[in-house]
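# Descriptive analysis of the structure
Here are the chains, one letter per residue:
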Amino acid sequence: MGAAIRAISGAPHAAVLGVGSYRPSLIVSNADLVDAIDSSDEWIQQRSGIKQRRFATPEETVQLMSVAASREALQRSGITAEQIDCVIVATVSHLLQTPAIATAIAYELGTQQAAAFDISAACAGFCHGIALAADMVRGGSAHHVLVIGVERLSDITDLNDRGTAFIFADGAGAAVVGPSETPAIGPVVWGSDGEQFDLIRQREDWRNVVGTSDEPGSGVMPHLTMQGNSVFRWASFAMAKIATQALDRAGVSLDELDVFVPHQANMRIIDAMARSMKLPAHVRIARDIAEQGNTSAASIPLALDRMMVEGDAKPGDTALLVAFGAGLAYAAQVITVP
Ligand code: UT7
């Protein structure tokens, strides 16, 4: 028989202690994009609710945006970088296969060699990260976890593709998860539907970029491709059910809910989910997509941050997060607003 291995446990409960964001500097209007895709400002606004989005400049790298959002989240949490034991970065647009960008971010922030890794769950990545972080804090593998959702989707979006050019955008959001005396992050409801693997995907794998010529950068970037309408129908109905399950598992009723922060994929999906869930009128709904576009893993922390800054989400409020995207992967949980 092997040696008895000591069992450990962590804090009784976990909470989001603070949130931060970084919105890149380049504001891109619908008018800036429509000529290349034979579209119009009116069509884009009517079909998606997007009025404008932000694109990162070359200087606004995944690392720069992540560090800026994280510093804000740390400062608002009253936690120092040295107190962070683990950095989880949710992204699909850090364009090195290895190493994870999380290690560079952990180093630049000044953590004490925190564990650091990236996760790939597309638009659902931030909610996956919050679920992992809460379990780490309760399980004893970390005291404080920094969860970052960051994207530079403009790098992997084909601006000549009618189905995606006007949707995707760039940005970063971050949250510090740490110990709590009371439950402040509810049980996650998550899953995947790999039968729909092809609905949103990188068109081809990276061999296409490197294989065509000896000239660096001469290959064709494998852009994102999306069967928008199929995703739209799936998200509008199936994700409302997942959101409702997350409320049920947290033991929170619709009357007790203050804030709804769905993935900012399309304003019509947000409205369809709210209708399908029968959200009461008092629940404030995140609508960051109008100004920010769809920033995949960054969309929920960016949207939550805007609501907190503008006073629509107050400390102690109960918020429902639900995220979904490529995979298809999804995750939802209830949190207490820090
Ligand atoms: O973040 C990850 C998860 N992603 C999502 O949740 C995105 C979900 N999907 C969507 O948001 C929507 O499907 C889109 C906004 C992408 C598209 O809206 P839609 O209502 O599903 O449009 P559609 O693809 O069904 O196309 C409707 C019509 C078609 O014309 P006809 O056949 O009705 O004459 C298209 O040819 O709109 C036309 N169309 C466009 N017209 C102007 C398609 N794209 C465009 C365009 N500009 N960019």
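Everything here concerns the structure above.
Quantities reported herein were computed from a predicted structural model and do not represent experimental measurements.

## Side note on the environment of Trp206
Within the secondary structure, Trp206 sits in the loop between strand 9 (200-202) and helix 6 (207-210). Here Trp206 falls in the partly exposed class, since its relative accessible area comes to 28%. Counting along the chain gives 200 residues from Trp206 to Arg6, while the straight-line C-alpha distance between them is 44 Å. The contacts of Trp206, once residues within four sequence positions are left out, are Leu95, Gln97, Met221 and Pro222. A polar contact of 3.4 Å, which involves the side chain of Trp206, links it to the side chain of Gln97.

## Details of the packing of helix 3 (residues 62-77) against helix 4 (residues 101-109)
Interaxial distance between helix 3 and helix 4 falls to 10 Å at its minimum, and their mutual angle equals 50°. In this view, helix 3 runs oblique relative to helix 4, as classed from their interaxial angle. Crossing geometry of helix 3 relative to helix 4 is assigned as right-handed. Of helix 4, the residues touching helix 3 (which contributes Val62, Gln63, Ser66, Val67, Ser70, Arg71 and Leu74) are Ile101, Ala104, Ile105, Glu108 and Leu109. Along the lines of polarity and charge, the residues of the contact of helix 3 with helix 4 split into 7 nonpolar, 3 polar and 2 charged.

## Some thoughts on the site of the ligand
In the region of the ligand, 22 residues are neighbours, and Ser39, Asn229, His263, Asn266 and Asn294 sit closest. Here a nitrogen atom of the ligand sits 2.5 Å away from a polar atom, N or O, in the side chain of Ser39. Separating a nitrogen atom of the ligand from a side-chain N or O atom of Trp43 is a distance of 3.4 Å. Among the elements that take part in the shell around the ligand, helix 7 (residues 228-250) stands out by supplying 4 residues, more than any other. Tallied by class, the residues present in the shell around the ligand amount to 12 nonpolar, 7 polar and 3 charged.

## A short note on helix 3
An α-helical segment advances 3.6 residues per turn. Residues three or four places apart therefore align on the same side. Its 16 residues place the ends of helix 3 22 Å apart at the C-alpha level, agreeing with the 22 Å of an ideal helix rising 1.5 Å per residue. Buried within helix 3 are the following residues: Val62, Met65, Ser66, Val67, Ala69, Ser70, Ala73, Leu74 and Ser77. Contacts made by the buried residues of helix 3 are with strand 1 (13-22), helix 4, strand 6 (145-152) and strand 7 (170-180). Looking one or two residues past helix 3, Gly78 carries a phi angle of roughly 70°, positive in sign.

## A look at helix 4
What helix 4 keeps buried is the set Ile101, Ala102, Ile105, Ala106 and Leu109. Mapping the buried residues of helix 4 onto a view down its axis gives an arc of 135°, with all of them on the same face. Elements that come into contact with the buried residues of helix 4 comprise helix 3, strand 4 (86-90), strand 5 (115-119) and strand 6. At the C-terminal side of helix 4, Gly110 shows a positive phi close to 95°.

## Some details on the sheet that holds strand 6
What the 5 strands build is an open sheet, ordered 1-7-6-4-5; its pairing is mixed. Of all the strands in the sheet, just strand 1 and strand 5 have a single pairing partner and so form its edges. Averaged over all adjacent pairs, the angle separating strand axes in this sheet is 20°, with direction ignored. Looking at chain direction, strand 1 and strand 7 are connected through 9 bridges and run antiparallel. Considered in strand 7, the bridge of Gly20 is made with Ala174. The sheet strands contacting helix 5 (residues 125-139) are strand 1, strand 4, strand 5, strand 6 and strand 7, and the helix crosses strand 6 at an angle near 170°.

What counts and how
Residues numbered from 1 in each chain as written. Predicted model: local features only at pLDDT ≥ 70, side-chain atom pairs only at ≥ 80, totals over all residues. Heavy atoms only, no water. Helix = DSSP H or I, 4+ residues; strand = E, 2+ residues; numbered from the N terminus. Buried < 20%, exposed > 50% of the residue type's maximum accessible area, 1.4 Å probe, protein only. Contact = heavy atoms within 4.5 Å. Polar contact = N/O pair within 3.5 Å; in protein donor to acceptor, adjacent residues only side chain to side chain. Axes fitted to C-alpha atoms, helices over the stretch in contact; angles between N-to-C directions. Parallel < 35°, antiparallel > 145°, perpendicular 65-115°, else oblique. Left-handed = near helix turned anticlockwise from the far one by under 90°. Nonpolar A, V, L, I, M, F, W, Y, C, P; charged D, E, K, R; others polar. Near = heavy atom within 4 Å. Expected span 1.5 Å × (residues − 1). Arc of directions from axis to C-beta. Pairing = 2+ DSSP bridges.

Such coordinate-based values are descriptive only and should not be taken to indicate function.
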